[in-house]
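Understanding the architecture of this molecule
Here is how the chains run, residue by residue.
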Amino acid sequence: MQGLKEQIEALKKQLNEALKAVSSSRETNAIHVNFLGKKGSITKLLGEIKKLSIEEKRTFGPLLNKFKKESEEFIQKKYDDLFNQEIKHQNLKKENFDVTAYKTGAIKGHVHPYTKIIEEIENIFLSMGYEILDGPEVETDYYNFTALNVPENHPARDMYDTFWTNLPNTLLRTHTSPIQIHAMENKKLPVAVAATGRGFRHEATDASHDIMFMQCEGFLVGENISLANLFATAKKFLRALLNRDDLNIRIRPGFFPFVEPGVEIDMECPFCKKGCSVCKKTKWIEIFPGGLIHPNVLKACKIDPEKYSGFAFGFGLTRLAMIKYGINNIRLFHSGKMKFLEQF
Ligand code: DAH
C-alpha cells in the first residue's frame with residue numbers, strides 16, 4: 001500500500017499550499033470543506049481504509065487518523081490566527097476613526113435647482129444695482145391684499161386661493177408682492193429691490209401647479225420711472241439669465257390690482273424658432289407680469305404719487321427654473337429624489 005502513503009504526502013502538500021494562499025478566516029472555512037467536509041479529499045482517503053486488509057489497516061489506520069487530526073488542527077490554527085488579526089484590525093479602525101477623513105467616491109451633495117437659479121437671479125439684479133430683500137411667509141391680510149390695492153370683498157381676491165391661519169386676518173402669503181409694501185414703508189427713495197421667496201395657494205396640484213411655489217418680486221421707485229424702464233429691465237434680466245443676447249420680448253396689457261397700467265411681458269421661446277411644446281407652438285412664453293405701481297399702493301406706503309413713480313414685476317421663479325433647466329414636472333422640486341438632484 002505504498003500508494004496510500006504517497007497520497008497522504010500529496011494531500012499534505014496541497015493543504016499546505018492552500019492554507020498559505022488564504023487571507024481571511026472565512027476562506028479557511030472553504031478549505032475545511034474541501035479537505036475535511038463530507039466529500040473532502042482527506043475524508044475520501046479515510047474511506048479507503050475499508051478496502052484494506054487487517055494487516056494494512058493496522059499500519060495505515062493510525063497514520064491516516066493522525067493525518068486527519070493534524071490537518072484539522074492546522075486549519076483551525078490558521079483560522080484562529082486570521083480571525084484574531086481581523087478583530088485587531090477592526091478595533092484599530094474603531095479607535096482611529098477619523099471624522100474628517102475624505103472618502104473618495106462618496107456621495108456628494110447637490111445644489112437644489114431653486115438654490116442655483118436664485119443665486120443667478122440675485123447676481124443679475126445685484127449687478128443692476130438692486131438690493132436683495134426677504135419677507136415673512138406668514139402675512140396679514142393688510143400686507144398681502146389691502147395695501148396692494150385689493151380691498152376686502154374686492155373680486156380680485158378670488159384670483160388667489162388663500163390658506164388662512166387660525167389667527168385673525170393672518171394667512172400664508174399668496175405671492176411675494178407684500179415684500180414691496182414692507183420695503184417701501186421702511187426704505188428711503190429711490191429704492192430698487194429684488195426678492196425671491198415662496199408663495200402658497202390652495203389649489204389642485206398637477207404637473208405645473210403646486211400649493212407652494214417660488215416667485216421673484218422686483219420693483220423700483222424713484223422720480224420719472226416709466227414703463228420703458230420696466231421693459232428694459234425685463235429684457236436685460238431675461239437675456240442674462242438665459243444667456244441669449246438676442247432674446248426678444250413683447251408686451252401685452254394685463255391686469256393686476258397693484259399696478260396701473262398692468263402688463264404681461266412675454267419672451268421669445270428660447271428653444272425654437274417655429275413653435276414647440278414649451279411655447280405651445282406660439283413662439284412666445286408668458287413669463288414676466290408687471291406694471292407701474294398703482295398710486296394707491298404708493299399712498300399706502302406714504303409715498304407721494306405726484307412726485308414719485310415706480311414699476312413692479314413678480315414672476316414665477318419655479319416656472320422660469322422649469323424652462324431654464326428643462327424640468328417637466330413641478331412635483332420633482334420637492335420630491336427629494338437624488339436622481340433629479342444629481343443633475344444640478
Ligand atoms: N403677485 C402677482 C401674482 O402672484 C404677480 C405680479 C404681477 C407681481 C404684477 C407684480 C406685478 O409685482 O406688478 O400673480
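Below is a short write-up of the structure. (Residues numbered from 1 in each chain as written. Predicted model: local features only at pLDDT ≥ 70, side-chain atom pairs only at ≥ 80, totals over all residues. Heavy atoms only, no water.)

Focus: the site of the ligand
This is how the line gets drawn: Each residue is tested against the molecule or strand, and it is near if at least one of its non-hydrogen atoms lies within 4 Å. The definition of a polar contact used here is a pair of N or O atoms within 3.5 Å, where within protein one atom must be able to donate a hydrogen and the other to accept one, and adjacent residues in sequence count solely through side-chain atom pairs. Exposure was quantified through the Shrake-Rupley algorithm and a 1.4 Å probe, taking into account, for residues, occlusion by the shown protein chains and nothing else. As defined here, a cavity is a set of points on a 1 Å grid over the protein atoms alone where a 1.4 Å probe fits but cannot get out. A pocket is an open set with protein on both sides within 12 Å along at least five of seven lines, and residues line them when an atom is within 4 Å of a point. To be counted as sitting in a cavity or pocket, a molecule needs more than half of its atoms within 2 Å of that site's grid points. The helix and strand labels rest on DSSP assignments: H or I over at least four residues marks a helix, E over at least two residues marks a strand, and numbering proceeds from the N terminus. Only Asp, Glu, Lys and Arg are considered charged, only Ala, Val, Leu, Ile, Met, Phe, Trp, Tyr, Cys and Pro nonpolar, and every remaining residue, Gly among them, polar.
Close contacts around the ligand come from 16 residues, with His-175, Ser-177, Arg-201, Gln-215 and Glu-217 the closest. In the model, a nitrogen atom of the ligand is placed 2.9 Å from a nitrogen or oxygen of the His-175 side chain. A distance of 3.2 Å separates an oxygen atom of the ligand from a polar atom in the backbone of Ala-312. The fraction of the free accessible surface of the ligand (350 Å²) that becomes covered by protein chains is 94%. A molecule is said to occupy a pocket when more than half its atoms come within 2 Å of that pocket's grid points, and by this definition the ligand occupies the largest pocket. Contributing elements (two or more residues each) for the shell around the ligand: strand 5 (212–222), strand 8 (284–293) and strand 9 (309–316). Partitioning the shell around the ligand into residue classes produces seven nonpolar, seven polar and two charged.

Quick notes on helix 8 (residues 227–241)
As a reminder, the rule being used: To estimate how far a helix should extend, the number of its residues minus one is multiplied by 1.5 Å. Exposure is judged per residue with a 1.4 Å probe applied to protein chains only, and the accessible area is read against the type maximum: over 50% gives exposed, under 20% gives buried, and values in between give partly exposed. Within this analysis, the arc is defined by the directions that extend from the helix axis to the C-beta atoms. By definition, residues are in contact when any of their heavy atoms lie within 4.5 Å.
Given a rise of 1.5 Å per residue, 15 residues ought to cover 21 Å, and the 21 Å separating the end C-alpha atoms of helix 8 matches this to within 8%. Of the positions making up helix 8, those classed as buried are Leu-227, Leu-230, Thr-233, Ala-234, Phe-237, Leu-238 and Leu-241. Down the axis of helix 8, the buried side of the element spans an arc of 120 degrees, and every buried residue falls inside it. Exposed side chains of helix 8 directed beyond 90 degrees from the buried face belong to Ala-228 and Lys-236. Contact partners of the buried residues in helix 8: helix 5 (113–127), strand 6 (249–254), strand 7 (259–268), strand 8, strand 9 and helix 10 (317–325). Positive phi appears at Asn-243, one or two residues downstream of helix 8, with a value of about 50 degrees.

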